[in-house]
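Observations on chain architecture
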Amino acid sequence: MFLNEPVLTKRIPTWPWGNPADRTLVSGDQYAATGGYEALRQALTMDPADVVTAVKNSQLRGRGGAGFPCGLKWSFLPDVDGGRRYLAVNCDEAEPGTFKDRLLVDYDPHLVLEGIAICCWACQLDTAYYFIRGEYHHQAKVLDNAIAEAYAMGIFGDQGLLGGAVPFAVDCHMHRGAGAYICGEETGMLEAIEGKRGWPRIKPPFPAIKGLFGRPTIVNNVETLAAVPDIVARGSEWYTTLGCASSIGGAPSFGTKLIGASGHVNRPGVYELGLGFSLKDFIESDDYCQGIRGGAAYKAAIPGGVSMGILGTDQYDIAMDFDIGPQCDVLGLGTACPTVFDEHTDMVMVARNISRFFKNESCGQCTPCREGAQWLYKLLVKIERGQGTGKDLDLLLEIAGSMGTMPGTTICGLADGNNWAVKTIVNKFRGEFEARLQPSLVAVGG
Ligand SMILES: Cc1cc2nc3c(=O)[nH]c(=O)nc-3n(C[C@H](O)[C@H](O)[C@H](O)COP(=O)(O)O)c2cc1C
Ligand code: SF4
């Protein structure tokens, strides 16, 4: 499939619908003056359960990486019991190569705040914590200001949502991270919001049952919540006209997605596209990435965050949707922010660099992750220096495999992400690794 018909659901100019140089921050007043918070008004006339049903029918899938159906997650909450219920908004965005949530904060913060208010009404959540990546200093200021504007406009606060349109009050707080990737994992984030070290929790119980402060909690990515106002305003059927159905009989990939492109492309940036577009067309299109830098050939791409693994040279003309995992032997679509590598890229260096990231970011709770990450890095350094043997390469894959046995051996998915990154790079570019081994030791396996 070629690139979808142009559909822009966010207000952030992206090529080819607008020049990113024209991006400006939309204030609360500007947002409201251009139809903002009308979807919230509409949602508040609906029964909360009907709002959940609308999101369920849209088949919106989480934009944080796992693609879990949003409405289904919302329906896991237990009945209201008079106690507190929370929304934890995930804007940790520490996955290397992923920078699409930042735009929503930078330019259209009220879109996400409206999504938060609608979600809180639908799920009857009284408090939202907006967790923002520690390194997003400027964005934290923008967000802080936008939340203050939303309070001044009566969106949040004691009077009830939208100036007291309903007798249901919601508070929204910003919580800044401190620079740890693991705080993007949903339960690591909950620990961090509670003021503790960001160590992921063993699941079950899942956050919907026992989340923040032991109470029912929904965790959603900011881009997921940004899709909600449009779904309420334009209807779930409209949403299913965007994106694509599954070609392998799985769950569909409806809707648009913010696609952050980086690496060896002529025009990196964030673009909004319907899911299901061809990676090759996206990279080569004059409207989008404008080809590979310096006219070089494509070699590989990470589909959306290093934990997803890598697409090989023969996996260029593939559809970017949630079917990509089983179809291309990667973990999944992830954040759909491709990092592109040209023909001159040293894949051994790429693997070593990624494994260094995981080694530094493992929280250390689980032995396979803590020890495995160190070993993968050490072995890759050895191979990169030309000191590795055939046995080292086998050991590398064996250790990676032992880290990828979720669920069971590790608490969260970071270890499995490390496994997918290393094993797919080695398997798809094995010749490059073998060429780096000590020549006399390759044949006899070290
Ligand atoms: C190691 C790790 C890091 C993660 N980092 C993020 C992140 O930065 N942002 C995010 O939204 N989700 C991240 N996730 C996924 C979250 O755990 C969770 O699935 C997501 O926030 C749910 O929101 P969604 O259903 O709206 O996508 C991470 C998961 C893992 C295992
Ligand atoms: S898998 Fe790794 S990052 Fe996740 S909890 Fe275990 S040690 Fe921590």
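Whatever comes next refers back to the structure up there.
The present account deals with the structure reproduced in this document. (Residues numbered from 1 in each chain as written. Chains lettered and ligands numbered in written order. Predicted model: local features only at pLDDT ≥ 70, side-chain atom pairs only at ≥ 80, totals over all residues.)

Take the overall build of the protein chain next. Broken down by element type, the protein chain carries 19 helices and twelve strands. On C-alpha atoms alone, the protein chain measures out to a radius of gyration of 22 Å, which is about the 22 Å that the 2.2 N^0.38 rule sets for 446 residues. Taken along the three principal axes of its C-alpha coordinates, the protein chain extends 75 × 45 × 40 Å. Burial statistics for the protein chain: of 446 residues in total, 52% are counted as buried. (Helix = DSSP H or I, 4+ residues; strand = E, 2+ residues; numbered from the N terminus. Rg over C-alpha atoms; globule rule 2.2 N^0.38 Å. Buried ≥ 20, exposed ≤ 12 C-beta atoms within 10 Å, placed from the backbone.)

Among the secondary structure elements, Gly295 is positioned in the loop between helix H12 (279-284) and strand E10 (298-302). Gly295 sits 47 residues away from Asp342 along the chain, and the two C-alpha atoms are 9.3 Å apart.

Right, let's talk about the site of ligand 2 for a bit. The local shell around ligand 2 holds 14 residues, among which Cys363, Cys366, Cys369, Thr410 and Cys412 are the closest. Mapped by element, the contributors of at least two residues to the shell around ligand 2 are helix H15 (367-384) and helix H17 (414-428). Its residues assigned to classes, the shell around ligand 2 comprises nine nonpolar, four polar and one charged. (Near = placed C-beta within 6 Å. Nonpolar A, V, L, I, M, F, W, Y, C, P; charged D, E, K, R; others polar.)

The next subject is the site of ligand 1. Taken together, 22 residues surround ligand 1, and among them Gly62, Gly64, Gly184, Asn221 and Thr224 come closest. Residue contributions to the shell around ligand 1 peak at three residues, all from strand E4 (residues 217-221). Across the shell around ligand 1, the residue classes break down as seven nonpolar, nine polar and six charged. When residues of the shell around ligand 1 are assigned to domains, at least three map to each of domain 1 (20-241) and domain 3 (347-442). (Domains from an automatic or database assignment.)

Quick look at the environment of Ala245 now. Among the secondary structure elements, Ala245 is positioned in the loop between strand E5 (243-244) and strand E6 (253-254). Sequence separation between Ala245 and Leu275 is 30 residues; the distance between their C-alpha atoms is 9.3 Å.

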